[in-house]
Amino acid sequence: MASGPSLETPARDHKALRNAGLAALLTLVLSIPFIGIRLDDSQGSNGLAFRPQWVAGLVVVVFVARLVLDQTGGLAAWRPRFPTGLKRGLRLEPPVSTILIALVLGLAFAFPLAPFASRYEIGLATSFLIYVMLGWGLNIVVGLAGLLDLGYVAFYAAGAYTFGLLSTHFGIGFWLALPLSGLAAATLGMLLGFPVLRLRGDYLAIVTLGFGEIIRIILLNWSDLTGGPNGISGIGRPSFFGLPFAATAPNGGTTFSKLFGLPFSPLHRLAWLYYVILALALLTLAFTSRLRRLPIGRAWEALREDEIACQALGLNPTVIKLTAFSLGAMLGGLAGCFFAAKQGFISPESFTFSESAIILAIVVLGGMGNQLGVVIAAAVLVGLPELGRSFAEYRMLVFGMAMVLIMIWRPGGLISGRSPSIRADLSRFKATGPEVAP
Amino acid sequence: MSAMIAGGPVLAVRGLSMRFGGILAIDNLDFSAKTGEVTAVIGPNGAGKTTAFNCVTGFYKPTGGEITIGDEAGTLRIDRLPGHKIVSRARIARTFQNIRLFAGMTALENLLVAQHQALSGGGLLQLQGLVGLPAYRAAEQAAVEKAMGWLDRMGLAARANDEAGTLPYGLQRRLEIARAMCLDPRFLCLDEPAAGLNPRESAGLGADLRRLTEEDGIGVLLIEHDMSVVMNVSDKIVVLDYGRKIAEGTPREIRDNPKVIAAYLGEASGEAAARAKPTERPPARALLDIKRLNAGYGKVEVLHDLDLTVNQGEIVTLLGANGAGKSTLLRSLFGKPRPSSGEVMFGGRSIIGLPAHEVARLGIAHAPEGRRIMPKMTVLENLQIGAHLSDPRAFQADADKVFALFPRLAERRKQRAGTMSGGEQQMLAIGRALMQRPSLLLLDEPSLGLAPLVIKLIFDAIRDINETDGITILLVEQNATQALGIADRGYVLQTGRVVHAGPASTLLDMPEIRGAYLEGLGAAT
């Protein structure tokens, strides 16, 4: 930037001082009730203790920080360096990308066998993969089709309860219930879709938000069917091709550990669950990336870009939105089914709005429509609160600040930019292609 | 794509009426169009041209009358079809006045979306694609071939993998036509395809349209204000005014029709240039002084070492092809994009690095390209927005001044701005900028998409603002003849550099400028 004439400088300094002063004043006003006054009950009776030195300290810190920020061009100017490849959608050349994919897959498969992988690590990895799967599912609706859905957790719940009910009432096993749960959630997605898809933007968001809450409240109050707040317990656990994970088989059959001659360990079941969700997530990845390259995927993105143009091209917006809604719902349902199987117990507690918000945050933070972004964002959102355990009570504060900083530094999400669904071979045209004169 | 002989399908509109609330936008309209011909629909802004198009392409359901497409096989009532079926059943495709591409997708992807029906095969083909069967891959290959064929024909093949939104304006217009052609239409409805193109690009467009009708046997329906295009390519012209047809005939008949001249063409449009130019003013001090300015978006540098001066009281016009950097220059004054180097002095002080609202406070007002009025607010509310920086006590007087300048706005002060015609919206955009009491007014393509008569009105107003209020004006225009007609001086930009600069009269006479920017305008009259 060219520096202005020297006579401008005092004006700028003056302004920086004023800004810093305002920030300090705001801090003063806010910090007096929150930090300056403290309820003191040391002598058995309640009293107020004043801590002016805390307030003063904070005011000085804010004043100086604001001045420094002003001089350095604000937080946005401090942005850390990100690899440039991330900006335009990650595109690696075949040999490197194949090796990288093989490496990641290998690591993912070997993970439960690693010596450090205990109950806690495997559990964390499993819930990370659930969120990745949910993120990829919601990505179809929000990232590709551009329909803001704040009630995605409803489909997650639908899948979970479908399996819970089928398992406890009819004794249906996980593998049969899995497609049924997906189907149930997809149907629910359709049912919701019909009335709301005329809505756009903010209105759609509000209605889906309400829908998510309605489902939760139904689950909470329809006690005869759903068990109300007590939820459903005793849900069947997935078996290893019919072999249960148990110390002894219920009616004298073989168990997983007996068949392989291993000493029984509860870790086996956890590792198996991990492999199941890994397989489901990889399937989701393959499914959604294929969809993106099909006409329907391009139609979703076209709809996000311009609905009126879609109509002019003879696309039926209702059908396209419904497919996005129901396929997204289906993936949510599959994840829900797995969740029920993993927990063995489900209740409306697990399907609150904050769950929807986290899944949406994963999609937005990752960079709308980007598959790899979802993985990184899920790692951040699942991992950060865990890492933050050492901060104990400040954990959520650190988490919130990290979110704000990411959005300041990378407003388009961690990986913004989109890679085309198809590339034309231009070798034929580059040479002879007529250039249009400017 | 075999050429159809005359006597092919006919698109017929009979007794068409369209009513919005109390307003009759189209009143008992009859016209027909044949394949292999260009049928132009012209008329003042707000005459109902786009409304008629929206009825034909199924975006509106007409309140009366019928629209049919008929060939040997029988006739089909278009107005009874659901919107998305018009393309597949009636095979009518369209483009939009304000380009509607899928901006974030590549050019090729845009053309593949247009082939959705063929590629999805009722969903069955897609299922095969999902599991990777060869039938889908073959269909996709064919679709890509077809798309690349059209891209090649429109001169876009080399840009197939570029995002549509990053293409220059002229190419976006061509891409939209290519996309519509991928639908294999019998009729193609183009809504102001030449808007925002310079004369050379317009001439290229005219040639493309002739080729579509003559080689591909397509019927083209064309709404256009650029008379050089309309007169050169049309087989038949239909003229609308206040929703009624006032004339129909060949270009020659229309050109000499007194009714059309009164309602639409006005005086011969080359006349503005011939009008007496403003007298030479004594050299004044520079109000805006730009030196060695460099600016761009991200890594793309748009302006290179640009020097430009606007003196107090002048009208200076900035000409150049689409993508030359004219709008970028105006925006960079407000720091968006922020200049990477150079100097911008306004009234003797540097404005580089100032936030946009402070630049506005110093007295620079901007009536941006595309008007950017607040569509859901009334005319008066829009003016209030413009006035929020100035003294509230002066509001009434300032508003009255705007209303005196544009009496049409006074009649509509309580009307929602978005429901007004394009010309009225442009008046409002200028009026809103004036409410800021600027000393420098930046106007970005005020004539874009306007009828000749309205353009004249707007340019008269610009001259009036300059002469009576002494407001200095920097005017970006495609309409070079008109702009140079009222300007004192002009600059011609090419790829972000000034290639010509000088008094307006000198520029008007320069052969290379006539060639690049004025060519074809003579054909209008």
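Residues numbered from 1 in each chain as written. Chains lettered and ligands numbered in written order. Predicted model: local features only at pLDDT ≥ 70, side-chain atom pairs only at ≥ 80, totals over all residues. Heavy atoms only, no water.

**Q** So what's going on with the packing of aromatic side chains? Which residues, and what values?
**A** One pass over the structure, following the stated rule, counts 14 aromatic pairs over all chains. Linked through ring pairs, Phe109, Phe111, Phe116, Tyr274 and Tyr275 of chain A together constitute an aromatic cluster. Here the basic side chain of arginine 94 of chain B rests over the ring of phenylalanine 59 of chain B, its NZ or CZ set 5.1 Å away from the ring centre. (Phe/Tyr/Trp six-rings, centres within 6.5 Å; stacked < 30°, edge-to-face > 60°. Lys NZ or Arg CZ within 6 Å of the ring centre and 35° of its normal.)

**Q** Got a sec to walk through the interface of chain A and chain B? Specific residues and values, please.
**A** Chain A puts 43 residues into the contact, and the matching count from chain B is 51 residues. At the boundary of chain A with chain B, total buried surface from both sides reaches about 4,200 Å², with 62% on carbon and sulfur atoms. Run the count over chain A and chain B and you get two salt bridges. Among the ionic pairs, arginine 418 of chain A bridges to glutamate 109 of chain B, the shortest N-O distance being 2.8 Å. For the interface between chain A and chain B, the tally reads 10 residue pairs in polar contact (both at pLDDT 80 or more). Of all the elements, helix α11 (residues 295–305) of chain A adds the most residues to the side of chain A that touches chain B, at seven residues. In terms of residue class, the side of chain A that touches chain B is made up of 25 nonpolar, four polar and 14 charged. (Contact = heavy atoms within 4.5 Å. Buried area = accessible area lost by both parts, 1.4 Å probe. Salt bridge = Lys/Arg side-chain N within 4 Å of Asp/Glu carboxyl O. Polar contact = N/O pair within 3.5 Å; in protein donor to acceptor, adjacent residues only side chain to side chain. Helix = DSSP H or I, 4+ residues; strand = E, 2+ residues; numbered from the N terminus. Nonpolar A, V, L, I, M, F, W, Y, C, P; charged D, E, K, R; others polar.)

**Q** Tell me about the side chain of asparagine 161 of chain B, and please be specific about residues and values.
**A** Mapped onto the fold, asparagine 161 of chain B is located in the loop between α6 (134–153) and α7 (169–181). You can call asparagine 161 of chain B buried: its relative accessible area is 15%. Among the polar contacts listed, one links the side chain of asparagine 161 of chain B to the backbone nitrogen of alanine 424 of chain A, at a separation of 2.8 Å. For asparagine 161 of chain B, the contacting residues outside a window of four places in its chain are Ile422, Arg423, Ala424 and Leu426 of chain A together with Thr106 of chain B. (Buried < 20%, exposed > 50% of the residue type's maximum accessible area, 1.4 Å probe, protein only.)

**Q** Quick one: what's the story with the pairing of strand β3 (residues 38–42) of chain B, residue by residue and with numbers?
**A** Residues and elements named next belong to chain B. The buried fraction of β3 amounts to five of the five residues, a majority that puts the element mostly inside the structure. Across the two faces of β3 the burial is the same, with Val38, Ala40 and Ile42 and Thr39 and Val41 all buried. Sheet analysis places β3 next to strand β8 (residues 219–223), joined by four bridges and oriented parallel. For alanine 40, the partnering residue across the bridge sits in β8 and is leucine 222. (Pairing = 2+ DSSP bridges.)

**Q** So what's going on with the sheet that holds strand β12 (residues 300–311) of chain B? Which residues, and what values?
**A** Residue and element names in this part refer to chain B. As summarised here, the arrangement of the four strands in space is β12-β11-β14-β15, forming an open sheet in which the pairing is antiparallel. Of all the strands in the sheet, the pair left with one neighbour each is β12 and β15 (349–350). Inspection of the sheet shows strand β11 (residues 286–297) paired to β12 by eight bridges, in the antiparallel sense. Following the sheet pairing, glycine 296 is matched in β12 by glutamate 301.

**Q** Lay out the state of the cysteines in plain terms, naming residues and giving numbers.
**A** What the rule picks out here adds up to zero disulfides over all chains. Looking at cysteine 310 of chain A, it has no disulfide partner, and the nearest cysteine sulfur is the one in cysteine 182 of chain B, 15 Å off. Accessibility expressed as a relative area gives 0% for cysteine 310 of chain A, which makes it buried. There is no disulfide at cysteine 189 of chain B, and the cysteine sulfur nearest it, in cysteine 55 of chain B, is 11 Å away. A relative accessible area of 0% means that cysteine 189 of chain B is categorised as buried. (Disulfide = S-S within 2.5 Å.)

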